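Commentary on secondary and tertiary structure
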Amino acid sequence: MRWQLPFTKKDNPITCYDDLNNPKSHGLEQRYVSPTTGTCRKLVVQAVTPSGKSEIAISSHTNQASKLAMWLLSNSPIRGWIIFEWIARWLWFTSKLLWSFAWLLAQLFAPFDLSDDPGEDTADLFNTGFYKPYVRGFRGQLWAARSPMEHSARAIEDGETDIPTHSIYPRLLVIRDPIRNEWIPCADREIIIRTKFIAISYRATDAYTRGPNQDIEKAQFTEEVHAAVLGLKYDAYWCDLECVGETPAEKNLDLYCMADVYRGAELTLIMLGKSADGENECWKGWGERVWTMPEALLSSRLCYKFRDRDLVTPLSLFELANLAYTNSDIEQAIVNAYSGKDPLERLERLTLLKSAIWRRGTAALAPGVAPPPPPKLDMTGKKSDTSGAYKAERVYALMGFFEHRIHPNRSEDDLRALVRLSMANDNDHIAERMVSMLPSTITKTACWYSDDDIYRANLWDIVPDIQVAGVTENGALVVDGCRAAAIRWKDFPEVAFVTTDSLRRTIIGFVPYLSWPALIIGLGIVTTYRTGGIALIIIGVVLLILSPRLFVFSQSGRIVSTQPWFIGVKGAMRKEDVEMHLYGGARGHFPRMYFTPSGSQFSVPERSTERGGSFKQYDDAKLADSGRDAGHIYTLIDTCSSTMYYFRAERPPTVCIFTGREGGLGRFVLCSERCHINELHKETVLRMPTEISQKMELCGWLALG
């Protein structure tokens, strides 16, 4: 089923603004920004098999003489009973030669200029050296900005600007008074600095059950903690059950400094459930909690006890990984890195930590559950949510491993918090790298986010060429430094190109244009000079008969320079058809187009001695277009590198953005446009030669949402 936005007469029209900020109203059909006029237009897509009002048959503006000559050479007049069609096309081809001769005479005696055509494609025949630019940029307001000089619409909570970058000591400790033999909460910083303490790690469901007996169970758990701390010869401890503040400002500060608490503790005690319920189940439940990873990895020493046992057992990171973490592949790599056994690069370590933490449950989400779509956030002047669980708890657990942290905010979700954390730690470029990745599933909102990559690249493999400027209220990522180009969908333009120099081809290419002059002169003098006239007539007729072959030969040769174009076609298009529509075809040993060896999800490399793409990918794309992906397979033609790409997308992408490099190729994000919200939506990512990015013009801020 072909994807399209619903539109009825009852639907309200959409209003967007052009590059001059002039309003324009239109329906819900897919639109694109014209690279020539800067206005929003209805998208018309050429398709291998057109269906629907917005799809048309494939057409081209290629030189008609080239296409006619190729057809005449490719089809025998005595095969398949096409003699009459062949003669008709041959006559049409020869008339083209006559028109060229007449135009030359007219220019000699009465020169006139045909270059004032006001159409959109006036400059198509000139090689500008650049792709058609994308002329629309982001003009909205940022919800959270990278630069403090930019305005951020995010509501700043009380006390946020007073939080230090790092806090070596906790805000509050529970300390035993030896005189009164009581455990007293202490907020005196001078006392806290001089006190050695234990940090308590536990799972809430192992400590108490929400309900009428909740307070009694909490008190019982606290008594067990007191006994365990005294048994370890300590008189102070930190436990979030007692040490996390009551006010929003205190809660945010305690959450912000959580990593420093476990770094500063002499020992971290893991309080597990009752062993009678099964030791493995207790460890599994504790390991699924989102905070257990930073609590364990940031601690200097570890030990554990079950609630129904008095024994406290020391624990190493290796033992912990085998007991608590079922997905031992990633966790084991992290443990090895933090124990010094197998060091990882910083970005690789942080990426593995993110993957491990994202699999764990929070107070708002169960383990393995994806976060809901980003909600609309609070703007300046509105009170943010100060109750309930933190939606971005996973990011706040992760930020303890970063040099710079962000202030917690209950209103934001994981994705917005991740952008803010990435902007605060600019040297990691986490969000920028995600933009260049192609996940197995692209979400409808926050399309920039990626947990995996179809091309099997890791986050640290990407070298970004863009920078995140901020995030919008809708959750869109605003990026700077993009090189962008428009993709043409309505037809194949006439492409200006240059082939290798050849004196023989130049001379032979001039010969067909002598056929009509020889024929006309021969007819004119045949009555006066019979022999000479007949000779010229015979020469003219022979040249007319041979002119298709001579013309094609003159146009052959390897292409060395061409006007850069991105051209899109819905469906899987044959390589020969692309060559015909672009250059009139190709003959001999000089193909005009090549398949990509590793640039798309349909790429199949050749196994020969030279690098190249296999013809098999056309069959694979054709098969996919007739199966479950029917109506979502597209062909992209790049005239600059003479390469074809097959890819899958929900909608035809109209903008190509260069965002980074990986594995010796550039990462190019293909996006559709949503003009009414001034955002682009990622449809797919292709791996194309990096050098073509230099033929794409730089543009302003772009929003990927």
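Structural notes, computed from the coordinates. (Residues numbered from 1 in each chain as written. Predicted model: local features only at pLDDT ≥ 70, side-chain atom pairs only at ≥ 80, totals over all residues. Heavy atoms only, no water.)

Looking only at helices and strands, the chain features 21 helices and 29 strands. For the chain, with 705 residues in total, the buried portion stands at 50%. Of all intrachain contacts in the chain linking residues separated by at least 6 positions in sequence, the fraction that spans at least 24 positions is 67%. (Helix = DSSP H or I, 4+ residues; strand = E, 2+ residues; numbered from the N terminus. Buried < 20%, exposed > 50% of the residue type's maximum accessible area, 1.4 Å probe, protein only. Contact = heavy atoms within 4.5 Å.)

The next subject is the sheet that holds strand S10 (residues 198–202). Strand order in this open sheet of seven strands is S9-S8-S11-S10-S12-S13-S14, and the pairing throughout is mixed. Of all the strands in the sheet, the pair left with one neighbour each is strand S9 (182–186) and strand S14 (313–315). Averaged over all adjacent pairs, the angle separating strand axes in this sheet is 30°, with direction ignored. Where strand S12 (residues 267–272) lies against strand S13 (residues 302–306), five bridges are found, and the strand directions are parallel. (Pairing = 2+ DSSP bridges. Axes fitted to C-alpha atoms, helices over the stretch in contact; angles between N-to-C directions.)

Examined against the element boundaries, Ser600 turns out to sit in the loop between strand S22 (594–595) and helix H21 (616–625). Each C-alpha atom, one on Ser600 and one on Ile454, is 9.2 Å from the other, the two residues being 146 residues apart in sequence.

Our next topic: the pattern of salt bridges. The tally for this structure, following the rule as stated, stands at 30 salt bridges. Linking Arg416 and Asp413 is a salt bridge whose minimum nitrogen-to-oxygen distance equals 3.0 Å. When sorted by exposure, Arg416 lands in the same class as Asp413, which is buried. For Asp491, the salt bridge identified is with Arg488, shortest N-O distance 2.7 Å. Residue Asp491 is classed as buried on the basis of its relative accessible area of 8%. (Salt bridge = Lys/Arg side-chain N within 4 Å of Asp/Glu carboxyl O.)

With that settled, consider the pairing of strand S18 (residues 483–486). Every regular strand shows the same layout, with side chains that alternate between the two sheet faces. Across two bridges, S18 lies against strand S28 (residues 697–698) in antiparallel orientation. From the neighbouring strand, Ala484 faces S28, where its bridge partner is Glu697.

Moving on, we come to the packing of aromatic side chains. Tallied over the entire structure, the rule returns 14 aromatic pairs. Between the aromatic rings of Tyr634 and Phe647, the centroid separation amounts to 5.8 Å while the plane-to-plane angle is 25°, which identifies the pairing as stacked. Within this pair, whereas Tyr634 is found in strand S23 (residues 633–638), its partner Phe647 is found in strand S24 (residues 643–648), the two being separated by 13 residues in sequence. Relative accessible area serves as the criterion here: at 2%, Tyr634 is assigned to the buried category. Using a relative accessible area of 0% as the deciding quantity, one classes Phe647 as buried. (Phe/Tyr/Trp six-rings, centres within 6.5 Å; stacked < 30°, edge-to-face > 60°.)

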